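# Residue-level structural notes
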Amino acid sequence: MKSTTHRLDRFISQNSGVKLSDVRLLLAQKRILVDGQIAQSIQQKITQFTQVMLDGQCLQNNQAAYVLLHKPQGVVSATQDSQHTTVLDLIEHPQKSELHIVGRLDLNTTGLVLLTNDGAWSRQVSLPQTRLVKTYDVQLAQPVGAQYAAVFAQGIYFAYENITTQPAQLEILSAHRVRLSLVEGKYHQVKRMFGYFQNQVLQLHRVSVGPLTLAGLAVGQSRALTAQELATMDRYLNS
Ligand code: URA
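Note that the structure is a prediction, hence the values are computed from the model and not measured. (Residues numbered from 1 in each chain as written. Predicted model: local features only at pLDDT ≥ 70, side-chain atom pairs only at ≥ 80, totals over all residues. Heavy atoms only, no water.)

### Notes on the packing of aromatic side chains
Short version of the rule: Two rings from Phe, Tyr or Trp (for Trp, the six-membered ring) form a pair when their centres sit within 6.5 Å of each other. Planes less than 30 degrees apart are called stacked, planes more than 60 degrees apart edge-to-face, and all others tilted. Helix and strand labels come from DSSP, where a helix needs a run of H or I of at least four residues and a strand needs a run of E of at least two; each type is numbered from the N terminus. To sort residues, take the accessible area from a 1.4 Å probe on protein chains only and compare it with the maximum for the residue type: under 20% means buried, over 50% means exposed, and anything in between is partly exposed.
With the rule as written, the count across this model stands at seven aromatic pairs. Considering the side-chain rings of Tyr 148 and Phe 197, the 3.8 Å spacing of their centres and the 5 degrees angle between planes classify their relative orientation as stacked. Placement of the pair is Tyr 148 in helix H4 (residues 148–154) and Phe 197 in the loop between helix H5 (189–195) and strand S15 (201–209), with a sequence separation of 49 residues. Across this residue pair, the class does not change: Tyr 148 and Phe 197 are buried.

### Structural notes on the site of the ligand
Counted only if it meets this: Each residue is tested against the molecule or strand, and it is near if at least one of its non-hydrogen atoms lies within 4 Å. By the criterion applied in these results, polar contacts are pairs of N or O atoms within 3.5 Å in which, for protein atoms, one can donate a hydrogen and the other can accept it, and in which residues neighboring in sequence qualify only through two side-chain atoms. Exposure was quantified through the Shrake-Rupley algorithm and a 1.4 Å probe, taking into account, for residues, occlusion by the shown protein chains and nothing else. In the scheme used here, Gly and all other residues not listed as nonpolar or charged are polar, with Ala, Val, Leu, Ile, Met, Phe, Trp, Tyr, Cys and Pro taken as nonpolar and Asp, Glu, Lys and Arg as charged. Those domain boundaries reflect an automatic or database domain assignment.
Within the structure, the ligand sits among Leu 105, Asp 106, Thr 109, Tyr 136, His 188, Gln 189, Val 190, Lys 191 and Leu 204. Note that an oxygen atom of the ligand is positioned 2.7 Å from one of the backbone N or O atoms of Asp 106. Taking 230 Å² as the accessible area of the ligand by itself, protein coverage stands at 95%. In terms of residues, the shell around the ligand owes the most to one element, H5, which gives three residues. Classifying every residue of the shell around the ligand gives four nonpolar, three polar and two charged. When residues of the shell around the ligand are sorted by domain, at least three fall in each of domain 2 (67–118 + 219–239) and domain 3 (133–209).

Laid out in structure tokens, this is it:
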């Protein structure tokens with residue numbers, strides 16, 4: 001999936017009052033800059049984050065923001081809450097008020113949470129069809145049975161949504177500890193998958209989302225994704 005785009009001529013016309021049919025002339029006169037370059041075609045695609053200037057006047061200059069947070073226990077995955085500290089309360093970012101959460105974690109789940117102001121990116125990250133792997137470390141009340149891996153690989157029927165979960169990969173680390181990799185994020189998915197075996201999840205920690213990890217980030221800390229991480233994510237999202 002790509003971000004919502006507009007053709008340059010429509011964008012200019014809608015944002016400047018210039019008639020659509022006159023935009024071609026502005027282009028020929030080299031009066032339009034797109035991301036700092038003289039525009040070459042009226043059909044050029046403009047996204048929410050393309051910078052557009054006309055006669056030195058800025059028509060659009062939104063900065064995309066991508067933040068990675070190491071969520072502590074007891075922090076709610078919401079932007080506002082009357083009772084609990086929210087993930088947004090933990091973040092210092094100039095565009096904090098624009099950010100939304102990409103794939104929530106439960107109150108007591110810890111680990112990797114992404115936030116962004118780029119709706120197209122977050123949809124792509126969350127779509128099961130993108131097959132971006134989210135990996136969790138899970139501590140369980142009962143020992144994990146040898147049959148779990150095959151059942152998770154086949155998928156479990158969730159009556160409420162009337163769906164069967166996508167194949168998931170289970171690595172057994174010890175009797176009560178596993179690493180589970182999913183390509184989707186249904187409501188309470190990990191807890192419900194172990195609930196199938198009446199095995200209660202005692203601790204849940206999201207280790208990674210695609211190529212992104214928490215390496216070097218202490219609990220409660222956040223940072224912007226690097227250009228390299230974004231480029232790697234793009235490859236994962238578009239492969
Ligand atoms: N699955 C759950 O059950 N809870 C989470 O927070 C994330 C995945």
